[in-house]
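Residue-level listing of the chains:
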Amino acid sequence: MTVITLVVLSIAAARPATKNPIADDMDYSIKPGDDFYRYANGGWLKGNPPPVGQSSYDTRTILAEKTSQQVRDLVQNAASARATKGSVVQKVGDYYASFLDQDGIEVKGLSPLADEMVRIAAITDKTSLSTYLGTTLNSEVEGLTANADHVFGIWINQGFEDSDHNLPHIWQGGLGMPDRDDYLESSAMMAELRNQYQAHIKRALTLIGDAYPESKAARILSLEIRIAQAFAPDSDAADVFKQNNPWKRADFGTKAPGLDWEAYFQSAGLTDQREFIVWQPSAVIGVSALVRGESIDVWKDYLRFHLVEHYASVLPKAVAAEHFAFYGTILSGAQQMPDRGKEAIAATNGALGQAVGQLYTERYFPPEAKARAQAMANDLITAYRGRISNLTWMSAQTKQKALAKLAALQVIVGYPDVWMDYSSLDVMRGDAFGNMRRAEAFHRLCNLSKLKQPVDPIKWPINPQVPGAVIMFSPNAEFFSAAILQPPYFDSEGDSASNYGSAGAAMAHEISHSFDELGNIYDAQGRLGDWWTAEDRSRYREAAKKLVEQFNRYCPLLDLCINGKQVLSENIADLAGLLVAHDAYVLCLKGKSDVIIGGLSGEQRFFLAFAKRWRKLQTETAMRQQLKTDTHSPGEYRSDTVRNVDGWYETYKVAPGDKLYLKPEDRVRIW
Ligand SMILES: [Zn+2]
């Protein structure tokens with residue numbers, strides 16, 4: 001597993017109960033104890049055929065569409081506002097408008113690349129090559145999950161064992177195709193993919209007027225194959241302990257000879273840095289050896305090719321079309337180039353994420369909404385304190401550690417209290433290429449400056465306008481964006497019972513991962529080290545067995561059942577989430593009884609909102625795919641988590657004979 005887990009949450013469907021549209025979505029002809037999912041969602045399931053061309057459709061899709069519409073309006077308005085130079089609105093608007101201005105980009109042709117081409121042409125030896133490579137050491141977080149187009153990537157975060165200092169984490173990169181196996185697997189299919197990639201390299205070099213593109217393309221692919229050979233196997237990425245390789249500055253020269261590390265770190269802005277964490281030592285060693293062993297000319301061809309690839313989106317149409325022909329059509333099967341407007345918004349979000357976020361939250365997530373969501377998060381933490389204290393499988397000494405971790409955990413909602421300051425980033429209308437380059441340089445400097453700052457556990461890793469949540473085990477913090485905290489998932493002016501049953505249960509699900517077999521290798525400060533005992537682990541797994549069996553019995557397709565083991569850890573998190581959210585809901589009432597809305601009690605609305613969150617339409621193919629590969633159960637069965645909760649039986653008068661009824665001793669109790 002990796003340090004950072006990006007989780008796009010499922011979205012709840014509890015519409016504001018005060019408007020009481022609940023009855024439309026339900027199916028009162030079904031007894032809650034027989035089929036709670038269809039009792040809660042029957043009306044919606046019948047009334048919403050999946051849109052043509054979509055393999056699945058759920059409230060997550062609805063919220064993603066809604067958010068993208070909101071962001072589009074904001075960015076387009078910013079572009080037409082012609083706001084004061086230097087303001088957030090100006091930067092957002094001009095970035096978007098420049099990216100969209102394909103005619104202006106066409107007129108400039110390839111001239112924006114000229115300066116960089118001169119720098120590459122000036123490389124004459126190993127030292128100047130190392131200096132140039134140092135300038136490509138970029139800081140995008142995506143590098144943690146996808147190969148970057150530069151030979152190494154950097155991420156500034158606390159150490160695996162040192163939570164007091166930020167360190168540069170160095171990881172492998174430098175491949176144009178997404179996976180190591182694309183280069184190394186001997187199957188006919190992969191061999192053909194490599195042929196296609198080589199043809200793409202040749203066409204890209206032709207577009208920039210390179211002589212001998214054919215032979216250069218072959219040599220570039222050959223270089224990338226050797227880089228891929230140095231990559232760590234994919235299985236290592238699942239083991240964070242293998243990534244914890246502290247290297248001193250001097251180690252690079254002795255352990256990974258070849259590259260001129262002095263020159264490299266100087267141009268990378270890391271001259272004074274003494275300590276590093278190298279995630280994949282084999283890649284650092286391998287690439288460094290290739291700097292010594294491969295001809296300078298091949299490296300220069302490689303760098304020119306990747307320069308064009310990197311900026312394809314802000315270069316003339318022919319370059320962008322060639323990029324799409326390989327990455328869109330051949331790699332992803334897409335037939336049509338994505339809408340330029342959507343790409344422009346994505347690019348603006350990428351470069352000016354918190355600037356767009358500022359506009360987004362001003363409009364859609366006021367401080368009152370943040371306060372209400374934060375109060376719910378605080379109730380969840382209080383509820384977890386009680387649950388952890390009462391766990392039967394966790395030893396007393398482990399509970400102390402879990403409670404210390406809970407006390408240190410930051411659960412942060414909505415948006416940052418202090419926004420990123422973009423004042424040093426110049427955004428100019430009509431300069432799409434320059435804007436992208438300056439934004440990259442700006443983010444690079446921001447990241448490097450963290451090396452001189454104390455660890456900040458509440459540094460937002462997700463933009464507020466992206467519907468989702470991020471769990472950071474290191475440091476110990478979880479983030480829930482403003483975009484995910486909106487109806488139908490969370491209504492800041494709506495009913496608490498519904499909010500706690502939907503968004504509350506989802507947040508509590510995520511929090512549980514900090515204390516389960518994903519999070520038990522990170523302590524209160526986010527340092528690496530297992531804090532469970534062997535007895536905790538065996539009692540936990542024993543308790544979980546019943547949940548595996550319960551889900552093994554669900555068969556969504558005639559010939560295919562759920563694999564209870566594959567989905568176990570997410571099912572445990574669902575159960576924890578539901579129980580803790582319920583405790584938190586009770587806490588928020590502060591001893592008072594809840595009001596009746598639309599004939600439903602607060603307890604009824606709580607469980608109903610939980611079931612509504614899982615509504616989903618999907619094709620049989622999509623269902624089959626999910627059952628085979630996904631670690632999450634299909635929505636209907638996640639909704640059936642209620643079967644293990646005593647409160648649901650009381651609330652809906654579920655009794656022996658009802659199809660979902662479980663005897664008290666058969667209900668799974670882990671949390
Ligand atoms: Zn989960």
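Residues numbered from 1 in each chain as written. Predicted model: local features only at pLDDT ≥ 70, side-chain atom pairs only at ≥ 80, totals over all residues. Heavy atoms only, no water.

### Description of the coordination of the zinc ion
Distances from the zinc ion to its protein donors, H509 (NE2), H513 (NE2) and E570 (OE), fall at 2.0 to 2.1 Å. Sequence spacing of the donor residues for the zinc ion, all on one chain, is H-x3-H-x56-E. For the pair H509 and H513, one class covers both residues: buried. (Donors = N, O, S within 2.8 Å, 3.2 Å for Na, K, Ca; no water. Buried < 20%, exposed > 50% of the residue type's maximum accessible area, 1.4 Å probe, protein only.)

### What to know about unusual backbone geometry
Of note, the bond from S474 into P475 is cis; its omega dihedral lies within 30 degrees of zero at 0 degrees. The step from P487 to P488 runs through a cis peptide bond, and the omega angle for that step is 10 degrees. As for its placement among the helices and strands, P488 is situated in the loop between β9 (477-481) and α23 (496-512). Positioned with a positive phi, R82 is a non-glycine residue whose angle comes to about 50 degrees. (Helix = DSSP H or I, 4+ residues; strand = E, 2+ residues; numbered from the N terminus.)

### Some thoughts on the side chain of Q354
The residue Q354 is located in helix α19 (residues 353-364) in this model. With relative accessibility at 11%, the residue Q354 sits in the buried group. In this structure Q354 touches P416, V418, W419, M420, Y422, W460 and N463, once residues within four positions along its chain are discounted. (Contact = heavy atoms within 4.5 Å.)

### Thoughts on helix α20 (residues 367-390)
Counted at 1.5 Å a residue, the expected span for α20 with its 24 residues is 34 Å, and the 35 Å between its end C-alpha atoms agrees. Listed in full, the buried residues belonging to α20 are A369, K370, A373, M376, A377, D379, L380, I381, A383, Y384 and I388. (Expected span 1.5 Å × (residues − 1).)

### Focus on the sheet that holds strand β5 (residues 246-248)
Spatial ordering of the open sheet is given by β3-β4-β6-β5, a layout of four strands whose pairing is mixed. Single-partner strands in this sheet number two, and they are β3 (152-158) and β5. Neighbour-to-neighbour, the strand axes of this sheet turn through a mean angle of 35 degrees, independent of strand direction. In terms of strand pairing, β3 meets strand β4 (residues 166-172) through seven bridges, oriented antiparallel. Its bridge partner being in β4, W155 is matched across the sheet by H169. (Pairing = 2+ DSSP bridges. Axes fitted to C-alpha atoms, helices over the stretch in contact; angles between N-to-C directions.)

### Section: the packing of aromatic side chains
For any pair of aromatic rings, the description rests on two quantities: the centre-to-centre distance and the angle between the ring planes. Evaluated as defined, the whole model comprises 45 aromatic pairs. Aromatic pair F326 and Y327: ring centres 5.1 Å apart, planes at 90 degrees, arrangement edge-to-face. A relative accessible area of 0% means that F326 is categorised as buried. Ring geometry for F606 and F607: centres 5.1 Å apart, planes at 85 degrees, overall edge-to-face. Owing to a relative accessible area of 0%, F606 belongs among the buried residues under this scheme. Every member of this aromatic cluster is reached through a ring pair, and the members are Y28, F36, Y39, W648, Y649, Y652 and Y661. Above the plane of the ring of Y415 lies K370, whose end atom (NZ or CZ) is 4.3 Å from the centre. Its guanidinium or amino end placed over the ring of F515, K405 lies 5.9 Å from that ring's centre, counting from NZ or CZ. (Phe/Tyr/Trp six-rings, centres within 6.5 Å; stacked < 30°, edge-to-face > 60°. Lys NZ or Arg CZ within 6 Å of the ring centre and 35° of its normal.)

### Description of the nonpolar core
A general feature of soluble globular proteins is that nonpolar side chains tend to end up buried together. Core analysis: the largest hydrophobic core is formed by 181 residues, its most contacted members being F36, F152, W299, L485 and W671. Here this core takes 11 residues from helix α25 (residues 568-588), the largest share from any one element. For W299, the contacting residues outside a window of four places in its chain are L129, V151, L223, I227, V287, L290, V291 and E294. Counting residues in hydrophobic clusters, the runner-up holds 19 residues, among them I412, M472, I521 and Y522. (Core = buried A, V, L, I, M, F, W, Y, C linked by side-chain atoms within 4.5 Å.)

### Examining empty space enclosed by the protein
Counting across every chain of the model gives four cavities of 30 Å³ or more. Each pocket or cavity is described by its volume, and for the largest cavity that value is around 90 Å³. Looking at the largest cavity, it is lined by 14 residues, and the ones nearest its centre are I105, K108, G430, A432 and F433. Taken together, the elements giving at least two residues each to the lining of the largest cavity come down to α5 (102-108) and α22 (432-449). Of all the elements, α5 adds the most residues to the lining of the largest cavity, at three residues. Broken down by class, the residue content of the lining of the largest cavity amounts to seven nonpolar, four polar and three charged. (1 Å grid on protein atoms, 1.4 Å probe; cavity = no way out; pocket = protein on both sides within 12 Å on 5 of 7 lines; lining within 4 Å. Points joined across faces, edges and corners; volume = space filled by probe spheres on them. Nonpolar A, V, L, I, M, F, W, Y, C, P; charged D, E, K, R; others polar.)

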